[in-house]
Amino acid sequence: MYAQVFSAAKEVDQAFLIILGFSVFIMVFVTGLMLWFLYRYHHKRHPVAADIEGNIWAEILWTVIPTIIVMGLFWTGWSSFKAMRTIPEGAMVVQAEGRMWSWKFTYETGKTSEILVVPVDTPVKLELSAKDVIHSFYVPAMRLKWDMVPGMDTDAWFESDAPGEFDIFCAEYCGLKHSNMVTTLRVVSPEEFQAWLQEGAQVSAAPMLTGPELLDRYGCLDCHTLDGSEGVGPGLGKIGGKEVSLVLPDGTRTRLARDEAYLRRAILDPSAELVKDWEDLMFSYDGEIPEEDLEGIVSFLMTGQVTAEAAPAMLLGQKIADEEGCLACHTTDGTDDVGPSFKGLAGSMRRVDAAAGGTQELLADILYLTESIVNPSALISEGFDDGMPSFENLTPDRLKLLVEWLASMRKDADE
Amino acid sequence: MTVAPADKGFFAPTGKGFLRSWLFTHDHKRIGMLYLWCILSFFGVGVVLGLLARLEMLTPGATIMGPQTYNAIFTLHGVTMVFLVVIPSIPAAFGNIFLPLQLGAEDVAFPRLNMFSWWLYIIGAAIALTSLFTGGGAPDTGWTFYVPFSAVTTTNVSVAVLGVFILGFSSILTGLNFIVTIHRLRAPGLTWTRLPLFAWGLYATAWIQVLATPILGITALLIVVERVMGMGIFDPAKGGDPILYQHLFWIYSHPAVYIMIVPAMGVISDIIPVFARKNIFGYKTIVGSSLAIAFAGSLVWAHHMFVSGMSDTAVMIFSFLTFVVAVPSAVKVFNWTSTLYKGAIRPEPPLIFALGFIFLFSMGGITGLVLGSAGTDMHVHDTYFVVGHFHYVIFGGTGFGMFAAMHYWFPKITGRMYNKTIATTSAIILIIGMNGLYFPMYLLGLQGMPRRYYDYLPQFTNLQVASTVGSWVTLIGLVLMFSNLARGWKHGQKVGDNPWEAATLEWTLPSPPPTNNFDQEPVVTHGPYDFKHLSPGGTDQ
């Protein structure tokens, strides 16, 4: 257990010490006694068992004494809990909201943030709420955990003695990306905190964030992607003007081109028109996004300016290779690992088992590379095991980016 | 002895055809064996799922599977182990086989109801397993099915919950059957104070099964109603209350852990005197503590909810009651240890498993104090600490109780003996393996690693690796133990009716016991652990 920096948590740690100390003592005592009896009263050393049916006084003793001890332990634990629950008057209030799968902290000035920044030596009261399912706000360093229950207001508090950065976890299982619901508690000096708070105020007032930055800020990218792949919700890359099939709440279907009005409705009232084949999971952002930010998001989605140039496309391909786990078996430095190295793969001649039997030579061109990702068993190069799984679930966009990246590492022309 | 040990006993063909004579049998011993085979098969499935989840935890990020698969795997591991393995384990398998024998009865009170219970178990299990392969995919909610998540997930929760609903009735009917059997079918002379402690354990358990399980049925039905009809009982968006679900769930599921552990305690109480050659220390105290656990254990459910947002007053009351229930468990441990005092101890495999039970159960039990104490629970709730605690108590406790029972009654069921050296070795490997597997979880929890995390921060890596290596050692122990038992069943040396020289009624019968149990109704003249009446061969004088 690492050091805590919260005065009420010191009481908790004391309770830990007392209870664990008692536990270790009992454990050592019982186990030691058991082993000693096993040795001392082995039938070879002690062939005739004594005739003992019990001893009422001994039993009373080991009922009463543990009862007194556990009552003491109960009280220790309870009083430390009370300290953790007694929120001081005048504590700084921060609203903390959990949602699948990100955090939003709102300050009294209206500033919002994905990380929790607080001044040192200041009691902080957290007003906890949840947007969709139950989450739990957990800061191990403060020994603090409290559930965020949708439709219910809960609260918690802490006060950090020292500046630093601490982990915040979601401790109540909340679905697919539960373990990604991790953020940071940053404890800073009061001056730094004031500066940070001001800087936030400016952001919401003046300088424009780019479209992707806005999407990130409002947690859109926790569920939607920009690279054409499917997340928990439909992809958001290059969707402006494209036609889409929608399902209305009464079950009827409709098709329309994604215009600005539609995109606004999809953000502010997502349940009213669902994209076909997607679940009704997204919550409404009505009242969550200031008008200018909404405008920024919609105009970005309509025009989609951040499409990749050549170089970023290459980077994207590498990122995909990393995400899909390709690099666990394939290197990029020319040495063969479990599978052939990506360097110099494109454009080389590959000797593979032919379907009819025997082997045949094939040129590793775009078609070959694509096919060997989607259906690898058919194109296993000589000397390698047929161990690669099929990646046919890659979306066409991602597959294309991946293949382009592989092609960029082609064998030199003279070879 | 009227029948030679070589006789097939209740395994002998009945002339009705193999399948019919088993699947529609009314014989409590055959029904017990059916449960045993099913439970061990599901245990195998649960172990594989657990090992896969552990393997995934070997490294941060993806190791062998994606997050959806991992979430489904830990859910299925929990559902399979809790509902299909641990809850029925000792009562349904060994309780069915040995309760009537220990009572000197022909069968349980309601043999046909007993058969029906097994069928409900199989149907419930089949429906629960169907949920894996149909609908929107395997459930990914964790075995606790917390709303609102379980109400919104697109996976196949409704079907799985329906399976759990049916399994609950199997448990209720078995409990009912045992209560009536113990009250009405005891042999002449078998007074309540001469009842073997295993039977007492089953009796206390049966009352929890009858009284608590209906709440599970209600809860399961409400989830289905919520999902299918959108009733809004738990869904806050419709004005429902998610905390209500947690209360309903734990009102059953906390007593359920006593359904899991009390029969195991009964097994241990039966085994220790036999191998210490000495009466149990404080028979009445052990009986009293079983009943006290059954009663007080029904009043502590909300200690799973200290940080759920319920009132602080409720936290205080439930924390207090939780500490109260620790006392009878501690008393049991002291009484078992005292039974060894001045015994003539024979360290045979069943005793080694029983002592393993005491050690591992205590390791789990004392960390329960940390979880029951409100302030410390706030830190370790829903972390690996809880996972470690639960597995020490259930795998180390109920699991070892089950293994002890298997090794203790093996010669009675099969008429043969397994290799004792290998059995003892496997017990020691399992004790080491389980500590390797679960002790690092305590440390992870204290460091703040939340449970049910597919991915984790790098500072947790070393302990995760240690735990995964522990799971491999545990696997070696399990394979060794089961292969030894399988070999013993086929090739083991034939032994007499009472190889352990025990004094309870099942050991007066041939091994395996004949279909009709006792030719003549036995008359009991002494207590269950009174070895003075036995001649050296183990027969009654």
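These figures come from a predicted structure and were not determined experimentally.

**Q** Can you walk me through the overall build of chain A in this structure?
**A** Each helix and strand in chain A was counted, giving nine helices and 15 strands. Expressed as a percentage of the 415 residues in chain A, the buried residues total 45%. Summarising the internal contacts of chain A: among those between residues at least 6 apart in sequence, 61% fall at separations of at least 24.

**Q** Before we go on, may I ask you to explain helix H5 (residues 111-133) of chain B in this structure?
**A** Since the α-helix packs 3.6 residues into each turn, any two residues three or four apart lie on the same face. Residue and element names in this part refer to chain B. The terminal C-alpha atoms of H5, which comprises 23 residues, lie 34 Å apart, in line with the 33 Å expected from a rise of 1.5 Å per residue. The set of residues buried in H5 consists of Asn-114, Met-115, Ser-117, Trp-118, Leu-120, Tyr-121, Gly-124, Ala-125, Ala-128 and Ser-131. The inward-facing, buried residues of H5 contact helix H1 (18-23), helix H2 (28-56), helix H3 (67-86), helix H4 (89-103) and helix H7 (157-184). Looking one or two residues past H5, Gly-135 carries a phi angle of roughly 60°, positive in sign.

**Q** Could you clarify how one ought to interpret the side chain of Ser158(B) in this entry?
**A** Residues and elements named next belong to chain B. Structurally, the position occupied by Ser-158 is in helix H7. A distance of 3.0 Å separates polar atoms of two side chains, one belonging to Ser-158 and the other to Arg-227. Those residues within four positions of Ser-158 in sequence are excluded, and the remaining contacts are Val-224 and Arg-227.

**Q** Would you mind going over the interface of chain B and chain A with me for this structure?
**A** How big an interface is tends to be reported as the loss of accessible area on association of its parts. Tallying the contact residues gives 86 residues for chain B and 77 residues for chain A. Each partner contributes to the roughly 7000 Å² buried at the junction of chain B and chain A, and carbon and sulfur atoms together form 73% of this total. Here chain B and chain A share two salt bridges between them. Notably, a salt bridge pairs Lys532(B) with Asp51(A), separated by 3.2 Å at the nearest N-O pair.

**Q** Teacher, can you tell me more about the sheet that holds strand S8 (residues 154-158) of chain A here?
**A** What holds strands together in a sheet is hydrogen bonding between their backbones, with the strands either parallel or antiparallel. All names here are of chain A. Reading across from one edge, S3-S2-S1-S5-S8 is the order of the five strands in this open sheet, with mixed pairing throughout. Two strands lie at the open edges of the sheet, namely strand S3 (112-113) and S8, each paired on one side alone. Pairing of strand S2 (residues 102-106) with S3 involves two bridges; the strand directions are antiparallel. Paired with Thr-106 across the two strands is Thr-112, which belongs to S3.

**Q** Is there a simple way to explain the pattern of salt bridges in this structure?
**A** Pairs may arise between side chains of opposite charge once their charged atoms sit close together. Within the structure shown, the criterion is met by 19 salt bridges over all chains. With a closest N to O distance of 2.6 Å, Lys104(A) and Glu288(A) form a salt bridge. Of this pair, Lys104(A) sits in strand S2 while Glu288(A) sits in the loop between strand S13 (274-275) and helix H6 (291-303), and the two are 184 residues apart along the sequence. Classification of Lys104(A) by relative accessible area gives buried; the value is 16%. Each of the salt bridges in this network shares a partner with another, and the network as a whole consists of Arg85(A), Asp155(A) and Asp312(B).

**Q** Honestly, the confidence of the model for chain B in this entry has me stumped. Any pointers?
**A** Low-confidence regions, as indicated by low pLDDT, have predicted coordinates that should not be scrutinised in detail. Residues and elements named next belong to chain B. Per-residue confidence for chain B gives a mean pLDDT of 92, with 98% of residues at or over 70. Confidence, expressed as mean pLDDT per element, reaches its minimum in chain B at helix H6 (residues 149-152) with 78 and its maximum at helix H15 (residues 420-446) with 97. A low-confidence stretch, residues 1-6 (pLDDT under 50), is modelled with seven contacts involving residues beyond four sequence positions or located in other chains. Scored by ipTM, the complex comes to 0.90, with pTM at 0.79.

**Q** Please clarify how the environment of Val307(B) should be interpreted in this entry.
**A** Here Val307(B) lies in the loop between helix H10 (283-296) and helix H11 (312-340). On the accessibility criterion, Val307(B) (1% relative accessible area) is buried. Considered as a pair, Val307(B) and Met378(B) are 71 residues apart in the sequence and their alpha carbons are 6.4 Å apart. Aside from chain neighbours lying at most four places away, what touches Val307(B) is Lys145(A), Trp146(A), Asp147(A), Met378(B) and His381(B).

**Q** Whenever I open this one, H11(B) confuses me. Can you help?
**A** All names here are of chain B. Taking 1.5 Å of rise per residue, 29 residues should cover 42 Å, and H11 covers 44 Å from first to last C-alpha, within 8% of that figure. In terms of residue burial, H11 counts as a mostly covered element, since 21 of its 29 residues are buried. Immediately downstream of H11, the backbone of Lys-342 shows phi near 60°, a positive value.

**Q** Teacher, can you tell me more about the environment of Thr359(A) here?
**A** Residue and element names in this part refer to chain A. Counting through the fold element by element, Thr-359 comes out in strand S15 (residues 359-363). Residue classification places Thr-359 among the partly exposed residues on the basis of a relative accessible area of 36%. Along the primary structure Thr-359 and Glu-382 are separated by 23 residues, whereas in three dimensions their C-alpha atoms are 8.5 Å apart.

**Q** I tried to follow the nonpolar core on my own but got confused; where do I start?
**A** Burial of nonpolar side chains together is a common tendency in soluble globular proteins. Counting 268 residues, the largest nonpolar core has Leu116(A), Phe137(A) and Phe94(B) as the members making the most contacts within it. Looking at which element gives the most residues to this core, the answer is helix H9 (residues 242-276) of chain B, with 22 residues. Sequence-distant contacts of Leu116(A), that is, excluding residues within four places in its chain, are made with Val94(A), Phe105(A), Tyr107(A), Leu126(A), Phe137(A), Phe158(A), Ile168(A), Thr184(A), Leu185(A) and Arg186(A).

**Q** Hey, could you run me through unusual backbone geometry in this one?
**A** Negative phi is the rule for most residues except glycine; trans is the rule for most peptide bonds. All names here are of chain B. At the junction of Val-147 and Pro-148, the peptide bond is cis and its omega measures out at 0° in the coordinates. Its place among the elements puts Pro-148 in the loop between H5 and H6. Going from Ser-511 to Pro-512, the amide bond is cis rather than trans, its omega being -10°. Its location among the elements puts Pro-512 in the segment after strand S2 (493-494). Its identity as a non-glycine residue notwithstanding, Arg-277 has a phi of 55°, on the positive side. Topologically, Arg-277 is positioned in the loop between H9 and H10. With relative accessibility at 16%, the residue Arg-277 sits in the buried group.

**Q** Looking at this structure, I do not really get the packing of aromatic side chains. What am I missing?
**A** Think of a pair of aromatic rings as described by two things: how far the centres are apart, and how the planes are tilted against each other in angle. Residue and element names in this part refer to chain B. Counting across every chain of the model gives 74 aromatic pairs over all chains. Summarising the aromatic geometry, the rings of Phe-42 and Tyr-121 are spaced 6.2 Å apart at their centres and angled 80° between planes, so their arrangement reads as edge-to-face. On the criterion of sequence distance, the pair formed by Phe-42 in helix H2 and Tyr-121 in helix H5 is long-range, its members being 79 residues apart. When sorted by exposure, Phe-42 lands in the same class as Tyr-121, which is buried. When the centroid spacing of 6.1 Å and the interplanar angle of 65° are considered together, the rings of Phe-43 and Phe-395 count as edge-to-face. On the criterion of sequence distance, the pair formed by Phe-43 in helix H2 and Phe-395 in helix H14 (residues 384-414) is long-range, its members being 352 residues apart.

**Q** How do you make sense of the sheet that holds strand S11 (residues 243-247) of chain A when you look at a structure like this?
**A** Residue and element names in this part refer to chain A. If you walk across this open sheet you meet the three strands as S12-S11-S13, and the pairing is antiparallel. Since the sheet does not close on itself, it has two edges, and those belong to strand S12 (253-257) and S13, each with one partner. The pairing of S11 with S13 spans two bridges and is classified as antiparallel. Within S13, the position partnered with Val-247 by the bridge is Leu-274.

**Q** Sorry, what's going on with the packing of helix H1 (residues 7-40) of chain A against H11(B) here?
**A** Remark: H1(A) packs on H11(B), axes separated minimally by 9 Å, with the N-to-C direction vectors making an angle of 25°. In terms of orientation, H1(A) lies roughly parallel with respect to H11(B). Along this stretch, H1(A) crosses H11(B), giving a crossing that reads as left-handed. Here H1(A) contributes Ile26(A), Val30(A), Leu33(A), Met34(A) and Phe37(A) to the contact with H11(B), which in turn contributes Val333(B), Phe334(B), Thr337(B) and Leu340(B). Looking at side-chain class alone, the contact of H1(A) with H11(B) contains eight nonpolar, one polar and no charged residues.

**Q** Sorry, what's going on with a negative patch on the surface here?
**A** All names here are of chain A. A cluster of like negative charges, contributed by Asp-259, Glu-260, Glu-292 and Glu-295, occupies part of the molecular surface. Among the secondary structure elements, Asp-259 is positioned in the loop between S12 and helix H5 (260-268). Exposure remark for Asp-259: the relative accessible area of 38% places this residue in the partly exposed category.

**Q** Can you help me understand the pairing of strand S7 (residues 144-148) of chain A in this one?
**A** Residue and element names in this part refer to chain A. Burial of S7 is extensive: five of the five residues sit out of reach of the surface. Across the two faces of S7 the burial is the same, with Leu-144, Trp-146 and Met-148 and Lys-145 and Asp-147 all buried. The pairing of strand S6 (residues 135-139) with S7 spans five bridges and is antiparallel. When the sheet's bridge partners are listed, Ser-136 is paired in S7 with Asp-147. Taking the residues that link successive antiparallel strands as the turn, the S6-S7 hairpin has four residues, and the phi of Arg-143 there is positive, at about 55°.

About the cut-offs
Residues numbered from 1 in each chain as written. Chains lettered and ligands numbered in written order. Predicted model: local features only at pLDDT ≥ 70, side-chain atom pairs only at ≥ 80, totals over all residues. Heavy atoms only, no water. Helix = DSSP H or I, 4+ residues; strand = E, 2+ residues; numbered from the N terminus. Buried < 20%, exposed > 50% of the residue type's maximum accessible area, 1.4 Å probe, protein only. Contact = heavy atoms within 4.5 Å. Expected span 1.5 Å × (residues − 1). Polar contact = N/O pair within 3.5 Å; in protein donor to acceptor, adjacent residues only side chain to side chain. Buried area = accessible area lost by both parts, 1.4 Å probe. Salt bridge = Lys/Arg side-chain N within 4 Å of Asp/Glu carboxyl O. Pairing = 2+ DSSP bridges. pLDDT = per-residue confidence, 0-100. Core = buried A, V, L, I, M, F, W, Y, C linked by side-chain atoms within 4.5 Å. Phe/Tyr/Trp six-rings, centres within 6.5 Å; stacked < 30°, edge-to-face > 60°. Axes fitted to C-alpha atoms, helices over the stretch in contact; angles between N-to-C directions. Parallel < 35°, antiparallel > 145°, perpendicular 65-115°, else oblique. Left-handed = near helix turned anticlockwise from the far one by under 90°. Nonpolar A, V, L, I, M, F, W, Y, C, P; charged D, E, K, R; others polar. Patch = residues over 30% accessible without salt bridge, like charges linked within 9 Å, V, L, I, M, F, W, Y side chains within 5 Å. Areas by Shrake-Rupley, 256 points an atom, 1.4 Å probe, with all protein chains shown as cover. Lys, Arg positive; Asp, Glu negative; His and termini not counted. Charge placed at Lys NZ, Arg CZ, Asp CG, Glu CD.

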